[in-house]
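Spelled out, the chains give:
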Amino acid sequence: MKKLSASMTVLAGFQWLFFMFANTVVIPISIGNAFGLEQMEIVSAIQRSFIFTGMACLLQGLLGHRLALMEGQSGLWWGVILSLAGTASAMGLDLATVGGSIAVGILISSALIIILGALGMGNVLKKWFTPIVMFVFLLLLANQLITIFLKGMIGLNSSDTIDGKLALFSLALAAFTIFIHIKGKGIVSSLNLLIGMTVGWVLAVYLFPQASTSMITATPFLRWFPWGAPTFEWGIIITVVIAGLLNTTNTIATLKGAEDIYGQPTTAKQYTSSFIITGSLSAGAGLIGLVPYAPYASSLGFLQSTRIIDRLPFFIGSSLFIILGVIPQFSAFFSTIPDSVGNTVLFVAYIQLFRSALRNIEGLTFEPKTVYRIALPSLLGLSIMTLPPEAFQTLPALVRPVLSNGMLVGILSALVMELLYYIGRKTRKTA
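Since we're looking at a predicted model, the values are computed, not measured. Counting of residues starts from 1 at the beginning of each chain's written sequence and follows it residue by residue. Local features in this predicted model are restricted to residues of pLDDT 70 or higher, and side-chain atom pairs are both shown and tallied only at a pLDDT of 80 or more, whereas totals for entire chains, interfaces and linings draw on every residue. Side-chain metrics rest on all non-hydrogen atoms present in the structure, leaving aside hydrogens and water.

**Some thoughts on the packing of aromatic side chains**
Now for step 1: Here the aromatic set is Phe, Tyr and Trp, taking the six-membered ring for Trp, and pairing holds for ring centres within 6.5 Å; pairs whose planes are under 30 degrees apart are stacked, those over 60 apart are edge-to-face, and all others are tilted. Scanning the model with the defined rule gives 9 aromatic pairs in all.
Now for step 2: Consider the rings of Phe169 and Phe208, whose centres lie 5.4 Å apart with planes at 70°: the pair is edge-to-face. Here Phe169 is found in helix α8 (residues 164–183), whereas its partner Phe208 is found in the loop between α10 (192–207) and α11 (234–246), with 39 residues between them in sequence. As far as the burial class goes, Phe169 and Phe208 line up, both buried.
Now for step 3: Between Phe232 and Trp234, the aromatic rings sit 5.8 Å apart at their centres with planes inclined by 40°, giving tilted as the arrangement.
Now for step 4: Aromatic rings pair up to connect Trp16, Phe19, Phe314 and Phe315 into one cluster.
Now for step 5: Over the ring of Tyr421 we find Arg373; its NZ or CZ atom is 3.7 Å from the centre of that ring. Strands here mean DSSP runs of E at least two residues long; helices mean DSSP runs of H or I at least four residues long; both are numbered from the N terminus. Note on classification: 1.4 Å probe, protein chains only; a residue is buried when its accessible area is under 20% of the maximum for its type, exposed when over 50%, partly exposed between these limits. Consider the ring centre and the ring normal. A charge sits over the ring if Lys NZ or Arg CZ is within 6 Å of that centre and within 35 degrees of that normal.

Encoded structure:
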């Protein structure tokens, strides 16, 4: 790819900044509300998230996998933690006890990831991530994220009914951003997400002034175990450790998906370094009340949408994100980005994940056995995603967070199907 100019590099850095911000800001807010934290603590958690995420991206880009892939608070972890907090009363536990046990589980799973990563776990696991498993993972991830963003686009985050005016605005903004990407030339096409975000923000201020938001500013501070002092509810701890080990699928899938974009295979050293850094970051997150970290597979869609794979803009965006967290006034300003605008731009960016999914099964012959390997885990995962959370209340608390997560069930099913296929093929060869 042609070398970027200085101005283009800076603009691409701001585009990374918006992407990181939109992916991060809602997580500490939802977690803080789930654990009943005070507003000032939630605001401080937001600022810690910005600083810690910026540092995480720099560490991975410089010392870990050394690719322009966002390292952020894992969506899989996020869902498990919210699920456990939501079932606290059903388990007869207070939120502080649940939060303290989650923190202990995070520390244990982080230590295991560091150890297994150093022992070459990545090189072993990547062999299980066949093209079909990658397809299932990316398809389910795209569906999970697109559903979340679509709700924000049509106003379902703040109401039980669709806001017609907001929905039309969001769809028009999405079409505008996609048009720029397809028809734009050079720098305009590459900066389609930044342009869409800026234009959408300006228009939303005038069209929906009542939707403007602001954030209380606070100085970021460290508070150890803000979700609750360490406790040892072993059912919760085991669930969290299992979730942490399954979260390694994010690293494998993201680095394997990046091979197509960068045109080169991921080395064993990259896997090892990435796992060690992710494990270390997750341990730190558990101590200061943040959701544990993982490489974002959604970065693949972002890279495909912008077609800018250089690391320098990524480093600029990461550094700006740290500054955003350090200076409260900056955090307060960027927090006024309308929810619908951020969700619309992410919706457009993550559509590209579907392309990444399809690339994995190009050229595959769709025989009956092959279709089962693809359709069963994909449709099972999608079906579970449509079920209401209340449907899983009768399941044991130990397995509920896993079995109620469509993406986890889909990935595990895909791995089982591939194992059965491998065993069957070996049996036929030896017969």
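There is more to say after this.
**Remarks on a nonpolar patch on the surface**
Now for step 1: On the surface, a cluster of nonpolar side chains totalling about 910 Å² of accessible area is made up of Ile108, Leu112, Ile115, Leu116, Leu119, Phe232, Trp234, Ile238, Ile242 and Leu245.
Now for step 2: Elements supplying a minimum of two residues to the nonpolar patch: α5 (95–118) and α11.
Now for step 3: Looking at the secondary structure, you find Leu119 in the loop between α5 and α6 (121–125).
Now for step 4: Relative accessible area serves as the criterion here: at 68%, Leu119 is assigned to the exposed category. Only residues whose relative accessible area exceeds 30% and that form no salt bridge are eligible for patches; like-charged ones are grouped when within 9 Å, while nonpolar side chains (Val, Leu, Ile, Met, Phe, Trp, Tyr) are grouped when within 5 Å. We get accessible surface area from the Shrake-Rupley algorithm with a probe of 1.4 Å; when it comes to residues, only the shown protein chains can shield them. We count a salt bridge whenever a side-chain nitrogen from Lys or Arg sits within 4 Å of a carboxyl oxygen from Asp or Glu.

**Topic: the pattern of salt bridges**
Now for step 1: Under the defined criterion, the tally for this structure stands at 2 salt bridges.
Now for step 2: A salt bridge links Glu41 to Arg48, with the shortest nitrogen-to-oxygen separation between them at 3.0 Å.
Now for step 3: Overall, Arg48 belongs to the buried group, its relative accessible area being 5%.
Now for step 4: Put simply, Arg373 and Glu418 hold a salt bridge, and the shortest N to O gap is 2.8 Å. Of the two residues, Arg373 is situated in helix α18 (residues 368–386) and Glu418 in helix α20 (residues 406–430); the sequence distance between them amounts to 45 residues.

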